[in-house]
Amino acid sequence: EGKLGTKSDGDSNLLFDQGPNGNALGSELVTNGTFDSDASGWSADYSVALSSDSGRLKMVNATTLGIARQTVTVVVGKVYEVSVDMICSAGDSPDLRLLLGTSVYGTQYYSSGTVTSDTTVKRLITATSTALHVDVRNNGSAGTAAYFDNISVKEVQNVGTINGAEIQADGG
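Because the structure is predicted, anything quoted here is derived from the model rather than measured. (Residues numbered from 1 in each chain as written. Predicted model: local features only at pLDDT ≥ 70, side-chain atom pairs only at ≥ 80, totals over all residues. Heavy atoms only, no water.)

(A) Looking closely at the overall build of the protein chain. Looking only at helices and strands, the protein chain features zero helices and 14 strands. In sequence order, the protein chain lays out its α and β elements as β-β-β-β-β-β-β-β-β-β-β-β-β-β. Within the span of the protein chain, comprising 172 residues, buried residues form 44% of the whole. (Helix = DSSP H or I, 4+ residues; strand = E, 2+ residues; numbered from the N terminus. Buried < 20%, exposed > 50% of the residue type's maximum accessible area, 1.4 Å probe, protein only.)

(B) The pattern of salt bridges, seen in detail. Inspection of every chain in the model, using the stated rule, returns four salt bridges. Ionic pairing is found between Arg69 and Asp45, a salt bridge with its closest N-O pair at 2.5 Å. Taken together, the residues span a long stretch of sequence, with Arg69 in strand S7 (residues 66-73) and Asp45 in strand S4 (residues 43-45) at a distance of 24 residues. Its relative accessible area of 11% is what places Asp45 among the buried residues. (Salt bridge = Lys/Arg side-chain N within 4 Å of Asp/Glu carboxyl O.)

(C) Looking closely at the nonpolar core. Judged by nonpolar contacts, the single largest core of 31 residues is most densely connected at Leu98, Leu132, Val134, Val136 and Phe148. The set of elements that each furnish at least two residues to this core consists of strand S6 (56-60), S7, strand S8 (79-87), strand S9 (96-101), strand S11 (119-126), strand S12 (131-138) and strand S13 (145-157). What Leu98 contacts, discounting residues up to four positions off in sequence, is Val84, Met86, Tyr110, Ser111, Ser112, Val121, Val134, Asp135 and Val136. (Core = buried A, V, L, I, M, F, W, Y, C linked by side-chain atoms within 4.5 Å. Contact = heavy atoms within 4.5 Å.)

(D) Looking closely at the side chain of His133. Within the element layout of this structure, His133 appears in strand S12. Within the local environment of His133, its side chain forms a polar contact with the side chain of Thr71, the two groups lying 3.0 Å apart. (Polar contact = N/O pair within 3.5 Å; in protein donor to acceptor, adjacent residues only side chain to side chain.)

In structure tokens, the structure reads:
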């Protein structure tokens, strides 16, 4: 027995809860998404300096773009919840971004666009590739700092999808 949920995977597919107690999340797939002591596990692109500052990822740009990225292995057809805290108030970068894709710097799943205030982004994606590329960006000028934390990817368990469903009134 299941329940029809209100969540979608971003592709106009409803998610169907097949579990008796609701959806459960699997184990964490991101390496060091809480940055408790360092920024290990993350690749730094465009000469950005990565460090841990008060348990958050601090990114200081050397140029007008800094990228921290990690590739997470996922299973095609499975649904994943991706969550990222984007903390604009801690730094001086005017432009933070999150990209989720099937390729390095890809946006096949999601692109946040410019984020200018503190926010937690949560997205459900249905994997179409075994590689999920998580890319956080400081799009500020050289010397600006950006902060991110609690970067997470977890499989959503007990879920199925209903593709192309139509709702019809019973005319009653």
